[in-house]
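An overview of the molecular structure
For reference, the chains in residue letters:
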Protein chains: 2
Amino acid sequence: MGKEKNNFNLKTPKGTKDWSGSDALLRDRIFTTIADVFKRHGGTALDTPVFELREILAGKYGEDSKLIYDLQDQGGEICSLRYDLTVPFARWLAMNPDVRSMKRYHIAKVYRRDQPAVSKGRMREFYQCDFDVAGTFDPMVPDAEVLKIVTEVFEELGWQGRYSIKINHRKILDGVFEVCGVPAEKIRPISSAVDKLDKMPWADVRKEMVEEKGLDGAVADKIETYVVKKGTRDLLETLLKDESLLANASAKAGLEDMGLLMDYLEAFGVLDRISFDMSLARGLDYYTGVIYEVVTEGSAPAVSSSAPEAEKLQKSAKKSKSKGGNADDDRSDDPTLGVGSVAAGGRYDNLVGMFLPKAQIPCVGVSFGVDRIFSITKARLERENNAEALRSSEVDAFVMAFGGKGFNGMLTERMSVCQALWNAGVKAEFSYKVKPKLPQQFKAAEQGGVPFAVILGEDELANGKVRIKEMGLEEGHPEKEGVLVDLANLPAEVKTRVARKQDQASAVTQQLEGLNVNAPTN
Amino acid sequence: MGKEKNNFNLKTPKGTKDWSGSDALLRDRIFTTIADVFKRHGGTALDTPVFELREILAGKYGEDSKLIYDLQDQGGEICSLRYDLTVPFARWLAMNPDVRSMKRYHIAKVYRRDQPAVSKGRMREFYQCDFDVAGTFDPMVPDAEVLKIVTEVFEELGWQGRYSIKINHRKILDGVFEVCGVPAEKIRPISSAVDKLDKMPWADVRKEMVEEKGLDGAVADKIETYVVKKGTRDLLETLLKDESLLANASAKAGLEDMGLLMDYLEAFGVLDRISFDMSLARGLDYYTGVIYEVVTEGSAPAVSSSAPEAEKLQKSAKKSKSKGGNADDDRSDDPTLGVGSVAAGGRYDNLVGMFLPKAQIPCVGVSFGVDRIFSITKARLERENNAEALRSSEVDAFVMAFGGKGFNGMLTERMSVCQALWNAGVKAEFSYKVKPKLPQQFKAAEQGGVPFAVILGEDELANGKVRIKEMGLEEGHPEKEGVLVDLANLPAEVKTRVARKQDQASAVTQQLEGLNVNAPTN
């Protein structure tokens, strides 16, 4: 280390940011909530390198390949930063062909050299949280569990009644296009046009189909009669009466899958969270079966949806849209998620085979857009003034001391008390000054949002006693001046009070449907 | 996604690896153990981007700068992958000069384009776990807390009595060199030579000093009388009687610090874990005060150490060394850690000022070498046949069904029972087959190391009953065939049994001093 120039450009690279304080803590809690759900369903962690050989990523992302970050050729292998977590998972499965079934989760950063829009949350470095099931099983069973996982994640985040899961099936869509008379080579482009129904009205989508993509107007009109349909079992029953659809092998297979899926979602107790939405098409080409997307207040699409719940979401989205301007503002931070969604996924049975045909293994999975989930969660906690959930540290107790003239600061006594608390698992801090003033110590505890002060006084300590004082009690509260306890019992006394306070906070949080910090674990 | 060539080079880039199965889970538990200790001491998370502007990293790593991974110039800013977590922390502090005190932790990957030695755990992508305290405080108080944190981490990992913390002080060392007559410009090179005493005998170090670095032989001999000294308070008392040392301002300041540090470590109850080792010099130039390094069985240095505990470590290290060959084999996976250590750190008061002099803030911290900690922990768990700690999933219960002729597989019933377990926070799985055979289901549970089977039988279920069977009970055990419980009570019954089994496992683990999976949390 020599002497350095001091004219550094002190910033993070474009489209990246530091996470610190209460934001970092809240995001960590969201990760923990999501990972706990994944583990509850038998998910095991897979961690892959942040960069891959460039040839592994080549040809996987179509036009978006230009957004891949490349490492410089410094001699040796040519590498690029990962663009998503799905291709590395497929690469791993191809490298491990003896693994014939796996539930894997992966929470990690991905990289896209996109034009960043930091104010809208579109970053060049951002997190994805993925859960995928690989293996050959009976139809729709893992697919249903993945959707059950989606409901658990959002409900443990406190989003009950505030999100909606749209599902559809690629085989139904393809069958519909065939039945309506879309030529085979136009099925993917027409599917892409349908996918835009969540951000533009049918008239515009029809125009794109007919004028840009050269589809016969009558065929487009026939498509309309299908893709505007939404519902649950009622819609499925309607479609099962459509003889032209049933005569199409693809549509018939898709409808059978959808029937099974609904039975299984009912057994999982979550059928009411799902909306069968014929306009959902999903942008990525590699889906081969069921597809889904989760929308919520503030992220919902502006057009579409007829279920009562979805209608509420639609209104809220319209409001946010009228502020936003053009449709591109609704673009997700994560292009693979789709417009305005907070989670998305589906079945992709052919991706692993692209790496190694003999390692082919069917997969179904979901990706949570955690940056968007973070923003929405934080905004709600702020509206609710949920100070506990917005703290920047988790410290339970601040150990302080006071004394009269000639007071020595009791530093080693404070250290010794902290030691007892730490060894009992209590999160504790103390002032790093030899002789701190009492108001300074209280101020430090307040600034950290620490709920309890442990106060050492010379006379009390000589009698083996120490004071626990709950911070922020109002004047006149019987424990305003704290409670004297035996020093030997201090860790247990603090733990009891911390647990009691957390139970209260948790009750309030649940009432507010805020972030459920104390999600069930084993 | 078009059609792709299938002749991929199916591998991860050189010096990187995938983490999966029981390795990923064990490493995650180590991360959680370490992060819990950090949070218990008021640590808050800081997450920085994986790449920085290249100029931020420039000039920070001396010769090792050639090991920095650069991103390709694709237009826009010139960036490089981070080399450690300390420089990004210093960059953050310089960008946030209003933050005048902070305890931050960061667990993340760093990148070094070094010659990898995968079999020895030296990787190009590896994790660091850092805890640092920034701020101007009274001397040695945060320094002592950082060392207390080191003891808590290793003790919660189950390493009681198996690790040793060597400490020294840059000011004492510099004072010694001055007193011995080392010319000012040779102090850093001579310090580097001293740092090699843990991998070569004094005679070789002396040779380097005299022949390579041109030091007077008499000066080297005088240095020897100091750097072979080890101890605790006894050594400090010896040095405090050395009048030539006390006459040196640097040495005197360092000895005063060391006295305070020992008082504080005693108040924290961890003085007995520390060895004051005058030969510890640490490679990095930026340290300005106390420095430390943690060694353990299998990672200990081959030469030096006189405390009884350290002597044991020394023997174990010598054994591993005789197999290893040349000294370079002992090189850590992480060059900043130093040879053979599992954690290291110290005080660096001038680093932040390199970015922005007016943001200058003193810091002290520690970095844990988690890849090495992982390898040592895993080897011990394997020796101890600790199946619980080496499982690849955390699933508590496998829900299965059986029936006679015409049995329909009870798929939706199994789903419904899983739903009840998941909603109660129990980690549960079931077969994705419509009609799985009972032995297949037991085999799946066994392979996953799942401790409990929940068995649905048609007749029992009709009576509202379900069977819980603990896996792996020996023949003749009274509960070998399982216990019938009310379906309505199933989640509570499973949770009780899981908790009981974990308590037993935890007791065994503690007895074995294995990984303490159930570390204290709030």
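Residues numbered from 1 in each chain as written. Chains lettered and ligands numbered in written order. Predicted model: local features only at pLDDT ≥ 70, side-chain atom pairs only at ≥ 80, totals over all residues. Heavy atoms only, no water.

Per an unreviewed UniProt entry, chain A goes by Histidine--tRNA ligase, mitochondrial and derives from Aspergillus pseudotamarii. What the UniProt record of chain A gives under Subcellular location (unreviewed entry) is the line "Cytoplasm". Checking UniProt for chain A, the heading Sequence similarities (unreviewed entry) contains the comment "Belongs to the class-II aminoacyl-tRNA synthetase family." (UniProt positions renumbered as here; feature names shortened; annotations may be inferred.)

**Thoughts on the sheet that holds strand S13 (residues 428–430) of chain A**
Residues and elements named next belong to chain A. What the five strands build is an open sheet, ordered S13-S12-S14-S15-S16; its pairing is mixed. At either margin of the open sheet sits one strand with a lone partner, and together these are S13 and strand S16 (483–486). Strand-to-strand, the axes of this sheet are offset by a mean angle of 30°, without reference to chain direction. Bridge analysis of strand S15 (residues 465–470) against S16 gives four bridges, and the strand direction is antiparallel. Its bridge partner lying in S16, Lys465 is registered against Asp486. (Pairing = 2+ DSSP bridges. Helix = DSSP H or I, 4+ residues; strand = E, 2+ residues; numbered from the N terminus. Axes fitted to C-alpha atoms, helices over the stretch in contact; angles between N-to-C directions.)

**Re the packing of aromatic side chains**
Within this structure, the stated rule accounts for 36 aromatic pairs over all chains. Ring centres 5.7 Å apart and planes at 45° place the aromatic pair Phe38 of chain B and Tyr105 of chain B in the tilted group. Taken together, the residues span a long stretch of sequence, with Phe38 of chain B in helix H1 (residues 21–40) and Tyr105 of chain B in strand S4 (residues 101–111) at a distance of 67 residues. On the basis of relative accessibility, which here comes to 0%, the residue Phe38 of chain B falls in the buried class. Relative accessible area serves as the criterion here: at 7%, Tyr105 of chain B is assigned to the buried category. An aromatic cluster of three or more residues is present, and its members are Phe38, Tyr105, Phe131, Phe154, Trp159, Tyr163 and Phe368 of chain A. When the ring centre of Trp19 of chain A is taken as reference, the NZ or CZ atom of Lys17 of chain A above it lies at 4.1 Å. (Phe/Tyr/Trp six-rings, centres within 6.5 Å; stacked < 30°, edge-to-face > 60°. Buried < 20%, exposed > 50% of the residue type's maximum accessible area, 1.4 Å probe, protein only. Lys NZ or Arg CZ within 6 Å of the ring centre and 35° of its normal.)

**Here we look at the environment of Gly353 of chain A**
Residues and elements named next belong to chain A. You can see Gly353 is positioned in helix H13 (residues 351–355). When its relative accessible area of 13% is taken as the criterion, Gly353 is described as buried. Distance in space between the C-alpha atoms of Gly353 and Leu93 is 9.5 Å, their sequence separation being 260 residues.

**With respect to the domain arrangement of chain A**
On domain assignment, one finds that chain A holds domain 1 (21–304 + 333–384) and domain 2 (397–508). For domain 1 of chain A versus domain 2 of chain A, the separation of C-alpha centres amounts to 50 Å. (Domains from an automatic or database assignment.)

**With respect to helix H9 (residues 233–240) of chain A**
Residues and elements named next belong to chain A. Leu235, Leu236 and Leu239 are the residues of H9 that are buried. On an axial view of H9, the arc spanned by its buried residues comes to 100°, and they lie on one face. Buried positions along H9 lie against helix H8 (217–227), strand S7 (230–231), helix H10 (243–246), helix H11 (249–267) and strand S8 (274–277). (Arc of directions from axis to C-beta. Contact = heavy atoms within 4.5 Å.)

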